[in-house]
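The chain contents come next:
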Amino acid sequence: MSDEGKPAVEMVDVQIDGEWHQFPKGTRMIEACRQVGKEVPHYCYHPKLTSPGNCRMCLVEMGMPPRPRPGEDPPEKDENGHLPISWIPRPVIACANTVAPNMGIRTDSDLTHACRQGVMELLLINHPLDCPICDQAGECRLQEFSVEHGNGGSRFREQKVKKPKNVDIGPRIRLDDERCIMCSRCIRFTDEVADDPVLGFTDRGSHTVLTVHPGQQLANNYSLNTVDICPVGALTSNDFRFQMRVWFLKEDKSICTSCGRGCNITIGSREDEVYRLTPRENNEVNSAWMCDHGRLNFHYLNSEMRLTDPLVRGAEGHETVAWGDAIQAAADALGRCEANEIALIASGRLTNEELFMARRLASVMKTEFVDIVPRSGEADDYLLAADRNPNTNGAKLVLGLDEPGQALKDIREGMAQGRIKALVVLQENLIDDAGFTAEELGKLDFILHTYPLANPTAETADVVLPGAAFSEKRGSMINLTGRLQRLNRATDGPGQTREVWEIVRDLIQALGGGNGIYLIEDVFKQMAGEIAEFEGLTLSKIGDLGVPLLETDEKIPLLERERERVAKGIIVG
Amino acid sequence: MAAIKYLAGKEPHPNEHRMIFRNVDREGWDPSIDTYLGEGGYEQLKKAVAMEPQAITDEVKKAGVRGRGGAGFPAGVKWGFIPPNNTKPVYLICNADESEPGTFKDRYIIHQDPHQLIEGMAIACFAVGAKLAYIYIREEFPEGAAILEKAIAEAHEKGFLGKGICGSDFDLEIYVHRGAGAYICGEETGLIESLEGKRPYPRIKPPYFPAAMGLYLCPTIVNNVETLCHVKHILDMGGEEYAKLGTPNNTGTRILCVSGDVQKPGYFEVQVGKVTLGEVINDMCGGLKPGRKIQAVIPGGSSAKVLRGDETFKIKKGGEDVELKLEDIPMDFDTLAACGSMAGSGGVIVIDDSRSISWVLNNINAFYAHESCGQCTPCREGSLWMKKITDRVVAGKAAPSDIDTLDAVARNIDGRTICAFGEACSWPTESFIQKFRDELVASTNPDLDEAIVNPETELAAAHLAR
Ligand SMILES: Cc1cc2nc3c(=O)[nH]c(=O)nc-3n(C[C@H](O)[C@H](O)[C@H](O)COP(=O)(O)O)c2cc1C
Ligand code: SF4
Ligand code: SF4
Ligand code: SF4
Ligand code: FES
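What you see is a predicted model, and the numbers here were worked out from it, not measured in a lab. Each chain has its residues counted from 1, following the order in which its sequence is written. Note on labels: chains are lettered from A, ligands numbered from 1, in written order. pLDDT decides what is reported in this predicted model: residues at 70 or higher carry local features, side-chain atom pairs at 80 or more are listed and counted, and totals for whole chains, interfaces and linings draw on all residues regardless. Heavy atoms from the whole structure form the basis of all side-chain values; hydrogens and water molecules are not counted.

Enquirer: Is there a simple way to think about helix α3 (residues 141-149) of chain A in this case?
Expert: All names here are of chain A. For α3, every residue scored as buried is listed here: L142, F145 and H149. For α3, the angular spread of the buried residues around the axis is 75°, confining them to a single face. When checking whether two residues touch, look at their non-hydrogen atoms; a contact exists if any pair is within 4.5 Å. The helix count covers DSSP runs of H or I at least four residues long, the strand count covers runs of E at least two residues long, and both are numbered beginning at the N terminus. In this structure, the buried residues of α3 make contact with α2 (110-125). Each residue gets one of three labels from its accessible area relative to the maximum for its type: buried under 20%, exposed over 50%, partly exposed in between, using a 1.4 Å probe on protein chains only. Read the arc as the range of directions from the helix axis to the C-beta atoms.

Printed below as a string of structure tokens:
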């Protein structure tokens, strides 16, 4: 990108803790400090929201060049061109104020420390301090800043203010008003980002309580983001609370697969069980948010319906067999088919790597009948997209599909006419999700089906294989805006579960097509060799935030509005 | 003009200089427009609309009138803060929230001379380019609101409001907005939020200085009722002439509201700095109650720092060191500031030696704990903490160390909050401890230093003992 035509950003000299730095004019003091490794503690400030300056935790000592009185000589610059700084006795908030030429900031002075200690003490006097039974413990800003800025004891000898506890403010969220530090982040989020201003404060002074407005509920599809940004344990998720102490959670970076947006997420798991998904900031995709629909769509991972072993239909119904035997059984059946007697139904939920292996399989099986199952829902004006497949763009690119789902009709016709005798169904439940019937599937000679869960389609299949779900695999996907993003494995699937690219690789081998693929990196390498768009890339080059891959005209409504607010200087972004 | 007669028993003190309060308690006077017009009403507005707006602002600057709402900021300078290249609408707001304890002047203007305020506002609006103005009147003044509504309707009818005022092309509408029943609604940015229909949470400054980003983020001038009334008289007299009233940098008249332990509490309009605190108390208010001594005076509304009755103040005046006794303090902005307090809203609260100091402080703390808006941490938490500590001091359940804690809490608020309520609520505590530490400590009990004084902990301890 070229910066031509853009006005040059004016840089200002700022002294932070004795050292001079340069920052673009307009930089918030708190961001300037952060950029040079001087973290300023804060509660109410959130770069994606307006700055009310209410918590006062970010107070710092500030100074400006002395202003000469009439008749006085202006102060002299030192050899580096800096004016002396006269420090102002009144501290200023670093979150909402911007840097100015020759400004001085002290994040480490007596005054700054005294301010932080004062705010910490005041925040805690009426706080219940029930950390042992608080779900926030371990990721609580009050706890963290108490360690750094608290003064250990308490001088408070009075009775604490009593407030409502365990308040039901919406279907997915619970509020403990005694823990609320009134930072208003949740209020601002619901108002400014979710356009659903149902939260507010009532009463005043120390008796202020957060509440939902009369007759309202915090029920919008983005409500759980308030739990993430609440710096304390005031807002907790009904789904996650009391399930696991956060310090036991292993965190892995991945993406949400519940729609084509591909919101960046962190998967929190312990011992192969997923406990929560939380959004991970990516300013090209999801800002710092995700929708509740995607966030909560993981419980099937821990379901009792998970397939755990390869199954082959025998005389007595499905029987557990070893992986090698299952693959061989499938290869034997598929190997007997002529060209175009097999249809391959893959999924928009497969990674590019899995789709690439599926494409190989299609060519080994000599079939033109290849498609995926489209999946759609209502788009909202924020993040959630109508396309509920996470990798439609990958399927189009890798499988060469123009219009996903278009071939399904031909396939069903072929099945009805007996031209198509076998189906390979990768990670799709055709009966529930694609309108196929058990009767039409029952007419086929052979069905191979991979899926994470037991399902009606599996009932009709001859070979049923446990395919890994999104938290159990590595690979890449292309979201609706054309961005190539990476999934990382957080958990191992139950039992004998395997990733689809491995299953298909083994099947291709059993069908006589050797391929020299051992690792997912090998798949990517071959894919990059065959599909121009991937040229020069590797899984590791994709990085945690993905890379732009395809040009699309897809706009992300939430990001568009956020960028407008950033341009106006209302938020930092 | 015939000498003005005042209602029997309500005659002004001879040392008063009645200008703003000229018609307050006046015999035969009523708030109707006819009465007002009968004495040259709206003549200054007629004059104003034929002037250059800037010329009016210049007169106000020359007059040097300082805000009567609390901070004492020069009105003309404030008007000049509207950005010169502004293209947005400009608003003017009359702050009639009058909620500082000890202050009761704006209500008399509103009740008895509403047209004086409307004329002053109209002139100010013309000067700053506002076509829309609001009177934000405190909720607890229902009658005042009704009187203003009526006065506005009258002024409209006579062409002093509305379109093409007095034959010029100046249009102006004034609306009365009833307040939301909270002290913080008087803080100008809280007021603006309230006017916008929100909770009156004060805004951070920077960036939200009203003159640049006020109501609906447009330039907005907020002035006190009394300040705006002065505008009319400045135009009448001319800025220079007006500036001869009072003392240099402390010009004009102001209304002092005296309450507390004096024989005759009330309001007195005086030339700023021309009367001393002693004259106010002893002459105008008829002195203290029999046999009493001044223990303390809060000279500018409850948030002003307290002065001790037996204190002497070493200050600089005109470059010279002078020593003043409490009674000798001239009632002006600069001297009161030099004495460590402020002229504030003009509310003078006299406390004699019959009062318990801890009770007085607790009373003030109770007010501020009740009125903190709760937006920012230090004030929200600290104001109630201070009240709870002084509750115990009053109840004899405090230890001497509690006074130190009290002081530390106040200092954790002072200078660290969003709005000046932080100072308003911490200065009383800071100054009472500074000036009356012995008295406060005398109300405490050293045996309680380590004792449990909180019913919650008491219960827990009893439970554990079982
Ligand atoms: C907590 C607080 C309460 C206030 N209450 C009032 C009030 O009731 N009336 C008033 O005129 N000014 C009040 N003020 C001052 C206003 O913020 C503002 O400075 C004033 O209205 C400006 O008018 P002036 O310049 O004419 O004095 C208050 C300030 C604070 C900090
Ligand atoms: S919010 Fe934080 S400090 Fe408060 S109880 Fe929970 S973990 Fe403890
Ligand atoms: S509930 Fe949490 S986010 Fe909301 S105001 Fe309270 S502390 Fe802040
Ligand atoms: S200082 Fe007090 S009144 Fe002012 S904003 Fe903060 S909490 Fe509200
Ligand atoms: S972060 Fe809360 S006031 Fe700055």
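Enquirer: I tried to follow the site of ligand 4 on my own but got confused; where do I start?
Expert: In the vicinity of ligand 4 lie 13 residues, with B:C373, B:C376, B:C379, B:T417 and B:C419 positioned nearest. Split into classes, the residues belonging to the shell around ligand 4 amount to eight nonpolar, five polar and no charged. Proximity criterion: a residue is near a molecule or strand once any of its heavy atoms comes within 4 Å of it. In this count, Pro and Cys sit with the nonpolar residues alongside Ala, Val, Leu, Ile, Met, Phe, Trp and Tyr, while Asp, Glu, Lys and Arg are called charged and the others, Gly among them, polar.

Enquirer: Quick question: what am I supposed to make of the nonpolar core here?
Expert: Grouped burial of nonpolar side chains is what soluble globular proteins tend to show. If you look at the biggest cluster of nonpolar residues, it comprises 108 residues, and the most contacted ones within it are A:M29, A:Y43, A:L142, A:L199, A:L210, A:L235 and B:F432. Discounting residues that sit within four places of it in the chain, A:L235 has contacts with A:I169, A:I173, A:R174, A:L175, A:C186, A:L210, A:T226, A:V227 and A:C230. Residues belong to a common nonpolar core when they are buried Ala, Val, Leu, Ile, Met, Phe, Trp, Tyr or Cys residues joined through side-chain atoms within 4.5 Å. Within the second largest apolar cluster, 65 residues are counted, among which are B:I110, B:A130, B:I221 and B:L228.

Enquirer: Looking at this structure, how should I read the pairing of strand β23 (residues 483-487) of chain A?
Expert: Consecutive side chains along a regular strand alternate between the two faces of the sheet. Residues and elements named next belong to chain A. Across the five residues that make up β23, a large majority, five, are buried. Residues R483, Q485 and L487 point to one face of β23 and L484 and R486 to the other, with burial holding for every one of them. A pair of strands is considered paired only if DSSP assigns at least 2 bridges between the two. Here strand β22 (residues 475-478) hands over to β23 after four residues, with G482 in that stretch at a positive phi of 90°. Summarising the sheet, β23 and strand β24 (residues 547-548) pair through two bridges and their orientation is antiparallel. Bridge pairing links R483 to P548 in β24.

Enquirer: Explanation requested: the interface of chain B and chain A in the structure shown.
Expert: Where the parts come together, the accessible area they lose is often given as the size of the interface. Taken residue by residue, the interface counts 41 residues in chain B and 40 residues in chain A. When residues of chain B are sorted by the area they lose upon contact with chain A, B:E381, B:W385 and B:R416 head the list and together hold 21% of the total. The term polar contact refers here to a pair of N or O atoms within 3.5 Å; inside protein, the definition further demands a hydrogen-donor-capable atom paired with an acceptor-capable atom, and it admits residues adjacent in sequence only when both atoms are side-chain atoms. Inspection of the region where chain B meets chain A yields 23 residue pairs in polar contact (both at pLDDT 80 or more). Mapped onto the side of chain B that touches chain A, the elements with two or more residues apiece are α13 (357-371), α14 (377-394), α15 (400-413) and α17 (455-465) of chain B. Here the side of chain B that touches chain A takes 10 residues from α14(B), the largest share from any one element. Along the lines of polarity and charge, the residues of the side of chain B that touches chain A split into 17 nonpolar, 12 polar and 12 charged. The quantity reported as buried area is the accessible area (1.4 Å probe) lost by two parts once they are put together, taken as the sum for both.

Enquirer: Sorry if this is basic, but what is going on with the packing of aromatic side chains here?
Expert: Ring pairs (aromatic) are described by centroid distance and by the angle formed between their planes. Classification of ring pairs rests on two measures: the distance between centres of Phe, Tyr or Trp rings, Trp counted by its six-membered ring, which must be within 6.5 Å, and the angle between planes, read as stacked under 30 degrees, edge-to-face over 60 and tilted in between. Within this structure, the stated rule accounts for 22 aromatic pairs over all chains. Ring geometry for B:Y42 versus B:F160: centroids 4.1 Å apart, planes at 5°, classification stacked. A residue pair is termed long-range when its members are at least 10 positions apart, and B:Y42 in the loop between α1 (33-37) and α2 (43-48) and B:F160 in the loop between α7 (142-157) and β3 (173-178) qualify at 118 residues. The residues B:Y42 and B:F160 share a single accessibility class, namely buried. Ring geometry for B:Y134 against B:Y175: centres 6.1 Å apart, planes inclined by 35°, an arrangement best described as tilted. With B:Y134 in strand β2 (residues 130-137) and B:Y175 in strand β3, the pair connects residues that are 41 residues apart, well separated along the chain. Since its relative accessible area comes to 13%, B:Y134 is described here as buried. The rings of B:Y183, B:F367, B:Y368 and B:F421 are connected pair by pair, giving a single aromatic cluster. A ring is considered to have a charge above it if a Lys NZ or an Arg CZ atom is located within 6 Å of its centre and within 35 degrees of its normal. Positioned above the aromatic ring of A:W87 is the side chain of A:R106, whose terminal nitrogen or guanidinium carbon lies 3.7 Å from the ring centre. One cation-aromatic arrangement involves A:R412 over A:F436; the distance from NZ or CZ to the ring centre is 4.7 Å.

Coordinates in, geometry out; function isn't part of it.
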